[in-house]
Amino acid sequence: WVESAKLRRAREEVEQKFQEKVRDLGNDQEKIKESGYSEHGYHSHLAETIAINRDIGDKRHPQCKNGGWPSDMPKASVIFCFHNENLVVLLRSIYSVLMRTPPELLA
């Protein structure tokens, strides 16, 4: 999978906004933490420090790693339901699906 230009621009925009937020809030970690909690209900600024395309390792069950399923598997659609979500968290989820799912399985 290769990152599209549109997705790359979105990632860069999120990273830039995070840097601007940090600059605006200064180095007061408690202030930064509270700002994240008030916006999203969790320490969203900490979540923004985690790479969008981070390596999470292979979490599959050992039997799943060996394959053995039919080659004509049906395609699947992925739906993300969200409300007032931090954009970087949403992008991380999208990246995870696109980077870890064989393209022939996505509808």
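Remember, predicted model here, so these are calculated numbers, not experimental data.

Draft legend 1. Broad picture of the environment of Arg11. Take Arg11: it is sitting in helix α1 (residues 5–25). Since its relative accessible area comes to 16%, Arg11 is described here as buried. For the pair formed by Arg11 and Arg92, sequence separation is 81 residues and the distance between their alpha carbons is 9.3 Å.

Draft legend 2. Here's a closer look at the pattern of salt bridges. What the rule picks out here adds up to one salt bridge. Note that Arg60 and Asp58 form a salt bridge whose closest N and O atoms lie 2.8 Å from each other.

Draft legend 3. Focus on the side chain of Asn86. Tracing the chain through its elements places Asn86 in the loop between α4 (62–65) and α5 (87–100). The buried category is assigned to Asn86, whose relative accessible area is 4%. When sequence neighbours within four positions are dropped, the list of residues in contact with Asn86 reads His40, Tyr42, Ser44 and Glu48.

Draft legend 4. Geometry of helix α2 (residues 29–40). With 12 residues, α2 should reach 16 Å at 1.5 Å per residue; the first-to-last C-alpha distance of 17 Å fits that figure. Among all positions of α2, only Ile32, Ser35, Gly36 and His40 are buried. Projected down its long axis, α2 carries its buried residues within an arc of 95°, all on one side. Count one or two residues on from α2 and you reach Gly41, which has phi positive near 85°.

Draft legend 5. Local environment of the side chain of Arg92. Within the secondary structure, Arg92 is located in helix α5. No salt bridge forms around the buried Arg92; measuring N to O, its nearest opposite-charge neighbour Glu85 is 8.2 Å away. Leave out the neighbours within four places in its chain, and Arg92 touches Ala47, Glu48, Ile50, Ala51, Ile52 and Arg54.

Draft legend 6. Expanded view of the environment of Ser77. Here Ser77 lies in the loop between α4 and α5. Taking the C-alpha atoms as reference, Ser77 lies 5.9 Å from Leu106; in sequence the two are 29 residues apart.

Draft legend 7. Spotlight on α5. In a regular helix each residue adds 1.5 Å, so 14 residues correspond to 20 Å; α5 covers 20 Å between its end C-alpha atoms and thus fits that length. For α5, the full list of buried residues reads Val88, Val89, Leu90, Leu91, Arg92, Tyr95, Ser96 and Val97. N-capping of α5 is provided by Asn86, with a side-chain oxygen placed 3.1 Å from the backbone N of Val88.

Draft legend 8. Layout of a nonpolar patch on the surface. Side chains of Val78, Phe80 and Phe82 sit close together on the surface and give an oily, nonpolar patch of about 270 Å² of accessible area. Turning to its location among the elements, Phe82 is positioned in the loop between α4 and α5.

Draft legend 9. Here's a closer look at the nonpolar core. Within the largest apolar cluster, eight residues are counted, these being Leu7, Val14, Ala47, Ile52, Val88, Val89, Leu91 and Tyr95. Of all the secondary structure elements, the ones that give two or more residues to this core are α1 and α5. The biggest single contributor to this core is α5, with four residues. When residues no more than four places from it in sequence are discounted, the contact partners of Ile52 are Arg11, Val88, Leu91, Arg92 and Tyr95.

The rules we used
- Residues numbered from 1 in each chain as written.
- Predicted model: local features only at pLDDT ≥ 70, side-chain atom pairs only at ≥ 80, totals over all residues.
- Heavy atoms only, no water.
- Helix = DSSP H or I, 4+ residues; strand = E, 2+ residues; numbered from the N terminus.
- Buried < 20%, exposed > 50% of the residue type's maximum accessible area, 1.4 Å probe, protein only.
- Salt bridge = Lys/Arg side-chain N within 4 Å of Asp/Glu carboxyl O.
- Contact = heavy atoms within 4.5 Å.
- Expected span 1.5 Å × (residues − 1).
- Arc of directions from axis to C-beta.
- Lys, Arg positive; Asp, Glu negative; His and termini not counted.
- Polar contact = N/O pair within 3.5 Å; in protein donor to acceptor, adjacent residues only side chain to side chain.
- Patch = residues over 30% accessible without salt bridge, like charges linked within 9 Å, V, L, I, M, F, W, Y side chains within 5 Å.
- Areas by Shrake-Rupley, 256 points an atom, 1.4 Å probe, with all protein chains shown as cover.
- Core = buried A, V, L, I, M, F, W, Y, C linked by side-chain atoms within 4.5 Å.

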